[in-house]
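Inside the fold
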Amino acid sequence: MNILFLLKPKKSVSYLYDDDTIRQGLEKMRSHSYTASPVLSHEGYYVGTINEGDFLRGIFRNNEGDLKHLDEELVRDILRKDWNHPVKVSATVEDLLERVLNQNFVPVVDDRGLFVGIITRRSVIKHFRDRILELKKKVEEKE
């Protein structure tokens with residue numbers, strides 16, 4: 001199975017830019033009610049994923065309650081580089097399953113590193129549930 005079958009394309013995904021301010025990032029995530037979001041460069045490269053905890057750490061690091069820096073610091077300044085690595089469009093289902101076990105969504109990039117979309121844990125579970133139901137129906141028809 002090709003993993004692109006499960007892809008939610010970039011045009012349907014809410015994402016942040018790495019040069020958004022912390023305030024802009026928080027507002028975008030809040031408006032979409034997401035707890036994590038992919039972060040892209042303006043050229044379309046996947047830079048990482050940011051979550052609510054990253055924002056909290058960014059807000060409170062070295063700033064004892066002073067929130068002026070929210071309009072000065074950028075999303076890239078608080079982004080963890082070692083979290084939620086993407087898969088390439090050529091990844092196997094097995095690779096995808098390993099990632100989706102630990103992440104709510106898996107970013108997908110092309111061979112150049114350009115962001116093409118995400119695959120959600122929900123879409124993977126739904127796909128395999130549907131396959132199980134199809135197989136069950138075929139078995140019942142043969143009986």
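Here goes a summary of the coordinates provided. What you see is a predicted model; the values in this text were computed from it and never measured.

1. A look at helix α1 (residues 22–32)
Considered for burial, the residues of α1 that qualify are I22, G25 and M29. Angular distribution of buried residues about the axis of α1 spans 65°; they occupy a single face of the element. Exposed side of α1, more than 90 degrees from the buried face: R30 and S31 are the residues found there. Among the residues trailing α1, S33 stands out with phi positive, at a value near 60°.

2. What to know about the sheet that holds strand β7 (residues 115–120)
With respect to topology, 4 strands assemble into an open sheet ordered β1-β7-β6-β5, the strand pairing being mixed. Of all strands in the sheet, those with a lone pairing partner are β1 (8–9) and β5 (87–88), marking the two edges. Its contacts with the sheet place helix α4 (residues 93–100) against β5, β6 (105–109) and β7, and it is angled at close to 140° to β6.

3. Details of the pattern of salt bridges
Tallied over the entire structure, the rule returns 9 salt bridges. The partner of D18 in a salt bridge is R76, and the shortest N-O contact between them spans 3.6 Å. Remark: R76 occurs in helix α3 (residues 75–78) and D18 occurs in the loop between β2 (16–17) and α1; sequence separation between them is 58 residues. Taking relative accessible area as the criterion, D18 reaches 11% and is therefore assigned buried. What you see here is one network of salt bridges that share partners, running through D54, R57 and R80.

4. Concerning helix α2 (residues 52–60)
Within α2, burial applies to D54, F55, G58 and I59. The arc enclosing the buried residues of α2, seen along the axis, measures out at 130°, which places them on a common side. Turning to α2, the residues buried within the fold contact β2, α1, β4 (46–51) and α3. Two to three positions downstream of the cap, the backbone nitrogen of G53 sits 3.0 Å from a side-chain oxygen, assigning the N-cap of α2 to N51.

5. Looking at the sheet that holds β2
Taken together, 3 strands build an open sheet; the order of strands is β2-β3-β4 and the sheet is mixed. Looking along the sheet, the strands with just one partner apiece sit at the ends: β2 and β4. When strand β3 (residues 36–40) meets β4, the two strands line up antiparallel, connected through 5 bridges. From the neighbouring strand, L40 faces β4, where its bridge partner is Y46.

6. Digging into the packing of α1 against α2
As a packed pair, α1 and α2 sit with axes 11 Å apart at the nearest point and diverge in direction by 150°. Overall, the two elements α1 and α2 adopt an arrangement that is roughly antiparallel. Crossing of α1 against α2: the hand is left-handed. When α1 is examined against α2, the residues I22, G25, L26 and M29 are found in contact with a partner set consisting of E52, F55 and I59. Across the contact of α1 with α2, the residue classes break down as 5 nonpolar, 1 polar and 1 charged.

7. Notes on the environment of Y46
Take Y46: it is sitting in strand β4. By relative accessible area, Y46 is classed as buried at 13%. Between the alpha carbons of Y46 and G113 there is a distance of 6.4 Å; along the sequence they are 67 residues apart. Discounting chain neighbours no more than four positions away, the residues touching Y46 are P38, V39, L40, W83, N84, P86, P107, V109, G113 and F115. Within polar-contact distance, the side chain of Y46 engages the side chain of T49 at 2.6 Å. One polar contact links the side chain of Y46 to the main-chain carbonyl oxygen of N84, over a distance of 2.7 Å.

What counts as what
- Every residue gets a number counted from 1 within its own chain, in the order that chain's sequence is written.
- Owing to the predicted nature of the model, reporting of local features is limited to residues with pLDDT of at least 70; listing and counting of side-chain atom pairs is limited to 80 or more, with chain, interface and lining totals taken over all residues.
- Remark: hydrogens and water are excluded; side-chain values derive from all non-hydrogen atoms of the structure.
- Each residue is placed in one exposure class: buried if its accessible area under a 1.4 Å probe, protein chains only, is under 20% of its type's maximum, exposed if it is over 50%, and partly exposed if it falls in between.
- Numbering goes from the N terminus for both helices and strands, where a helix is a DSSP run of H or I of at least four residues and a strand is a run of E of at least two.
- Note that the arc is computed from the directions linking the helix axis to the C-beta atoms.
- Strands qualify as paired when DSSP identifies two bridges or more between them.
- Contacts are assigned to residue pairs with any non-hydrogen atoms lying within 4.5 Å of each other.
- Axis definition: a line fitted to C-alpha atoms, limited for helices to the stretch in contact. Angles are taken between N-to-C directions and run from 0 to 180 degrees.
- We count a salt bridge whenever a side-chain nitrogen from Lys or Arg sits within 4 Å of a carboxyl oxygen from Asp or Glu.
- Each polar contact in these results corresponds to two N or O atoms within 3.5 Å; when the atoms are within protein, one needs to be able to donate a hydrogen and the other to accept it, and residues that are neighboring in sequence are counted only if both atoms are side-chain atoms.
- The scheme is simple: roughly parallel for angles under 35 degrees, roughly antiparallel for over 145, roughly perpendicular for 65 to 115, oblique for anything else.
- By convention the crossing between two helices is left-handed if the near helix lies anticlockwise of the far one by an angle smaller than a right angle, and right-handed if it lies clockwise.
- For this classification, Asp, Glu, Lys and Arg are treated as charged, while Ala, Val, Leu, Ile, Met, Phe, Trp, Tyr, Cys and Pro are nonpolar and the rest, including Gly, are polar.

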